[in-house]
Amino acid sequence: MEIVAVRADELADAVPDVFGETDRTMGFEDATSASRGSELCVTKSGDWVVVIDVWHRLSGLPEFLAEASASTDLYLVRVDDTPAALHYRDGRQELAAEGSDACMELASRDFRDGETLAQVLLGKYTGLSFADDSLWSAKFTVFELF
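Residues numbered from 1 in each chain as written. Predicted model: local features only at pLDDT ≥ 70, side-chain atom pairs only at ≥ 80, totals over all residues. Heavy atoms only, no water.

1. Topic: the overall build of the protein
Part 1: Helix and strand content of the protein: 4 helices and 8 strands.
Part 2: Along the protein, helices and strands appear, N-terminal first, in the series β-β-α-β-β-α-β-β-β-α-α-β.
Part 3: A globule of 146 residues ought to have a C-alpha radius of gyration of about 15 Å, and the protein, at 14 Å, matches this closely.
Part 4: Seen along its three principal axes, the alpha-carbon backbone of the protein occupies a region of about 40 × 30 × 25 Å.
Part 5: Here the protein holds 146 residues, and 50% of them are scored as buried.
Part 6: For the protein, the proportion of contacts with a sequence separation of at least 24, taken over those separated by at least 6, is 56%.
Part 7: Of the accessible surface of the protein, which amounts to about 7100 Å², a share of 44% is contributed by carbon and sulfur atoms. (Helix = DSSP H or I, 4+ residues; strand = E, 2+ residues; numbered from the N terminus. Rg over C-alpha atoms; globule rule 2.2 N^0.38 Å. Buried < 20%, exposed > 50% of the residue type's maximum accessible area, 1.4 Å probe, protein only. Contact = heavy atoms within 4.5 Å. Areas by Shrake-Rupley, 256 points an atom, 1.4 Å probe, with all protein chains shown as cover.)

2. Describing the side chain of threonine 126
Part 1: For threonine 126, the location among the structural elements is in helix α4 (residues 114-126).
Part 2: With a relative accessible area of 12%, threonine 126 lands in the buried category.
Part 3: Polar side-chain contacts of threonine 126 include one of 2.6 Å to the backbone oxygen of leucine 122.
Part 4: At 3.1 Å, the side chain of threonine 126 and the backbone nitrogen of leucine 128 are in polar contact. (Polar contact = N/O pair within 3.5 Å; in protein donor to acceptor, adjacent residues only side chain to side chain.)

3. Here we look at the nonpolar core
Part 1: Ile3, Ile52, Leu121, Leu122, Leu135 and Phe140 are the most contacted members of the largest nonpolar core, which has 31 residues in total.
Part 2: Those elements giving two or more residues to this core turn out to be β1 (2-7), α1 (28-31), β4 (48-53), β5 (73-78), α3 (100-107), α4 and β8 (140-145).
Part 3: Beyond its immediate chain neighbours, meaning those up to four positions away, isoleucine 52 contacts Met1, Glu2, Ile3, Phe28, Ala31, Thr32, Glu39, Leu40, Cys41 and Phe140.
Part 4: With 20 residues, the next largest nonpolar core counts Val4, Ala8, Leu74 and Tyr88 among its residues. (Core = buried A, V, L, I, M, F, W, Y, C linked by side-chain atoms within 4.5 Å.)

4. A few points about the pattern of salt bridges
Part 1: Counted according to the given criterion, the structure contains 8 salt bridges.
Part 2: One salt bridge connects arginine 24 with glutamate 39, and the closest N-O pair in it is separated by 2.6 Å. With arginine 24 in strand β2 (residues 19-26) and glutamate 39 in the loop between α1 and β3 (40-45), this pair connects stretches of sequence that are 15 residues apart.
Part 3: A salt bridge links glutamate 98 to arginine 78, with the nearest nitrogen and oxygen atoms 3.6 Å apart. (Salt bridge = Lys/Arg side-chain N within 4 Å of Asp/Glu carboxyl O.)

5. Some details on α3
Part 1: If you check which residues of α3 are buried, you get Cys103, Met104, Leu106 and Ala107. All buried residues of α3 project into a common sector of 155 degrees when viewed along the axis, lining one side. Opposite the packed face of α3, turned more than 90 degrees from it, sit the exposed residues Asp101 and Glu105.
Part 2: One or two steps after α3, the chain reaches serine 108, where phi turns positive at roughly 60 degrees. (Arc of directions from axis to C-beta.)

6. Some points on the environment of serine 38
Part 1: Inspection of the secondary structure puts serine 38 in the loop between α1 and β3.
Part 2: The partly exposed category is assigned to serine 38, whose relative accessible area is 24%.
Part 3: Excluding residues within four positions of it along the chain, serine 38 makes contact with Phe19, Trp55, Arg57 and Leu145.

Shown next, in the form of structure tokens:
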């Protein structure tokens, strides 16, 4: 799963143009389920629009990441056996870490669990957390491919 946080006002500002908003919503647990398939789940928490992609596609779209961060900050964390952390600001990549060692260096701790590592990095850079109301109790809007 990849989680992208974009400092933005509108949900659509943090989603690639090939996805359209639906009227369906769900909680965090369903939004992070591998059964989500091709859909993205998106919510607003404070200043951040948070996008969950269980298929790990967004890190492979540098053009989208640059566009979505054109006048703001964007952070991406990947929860996986090969974790990743990316930061884009003003349309340019500022930080890229791939793999456990590189990501643990950013976290300044030795986390062998990819989920914990992603949580720590997301919290460090955005203040968002899997464990509190910022994400756990949020309602996510489903965006589907056109």
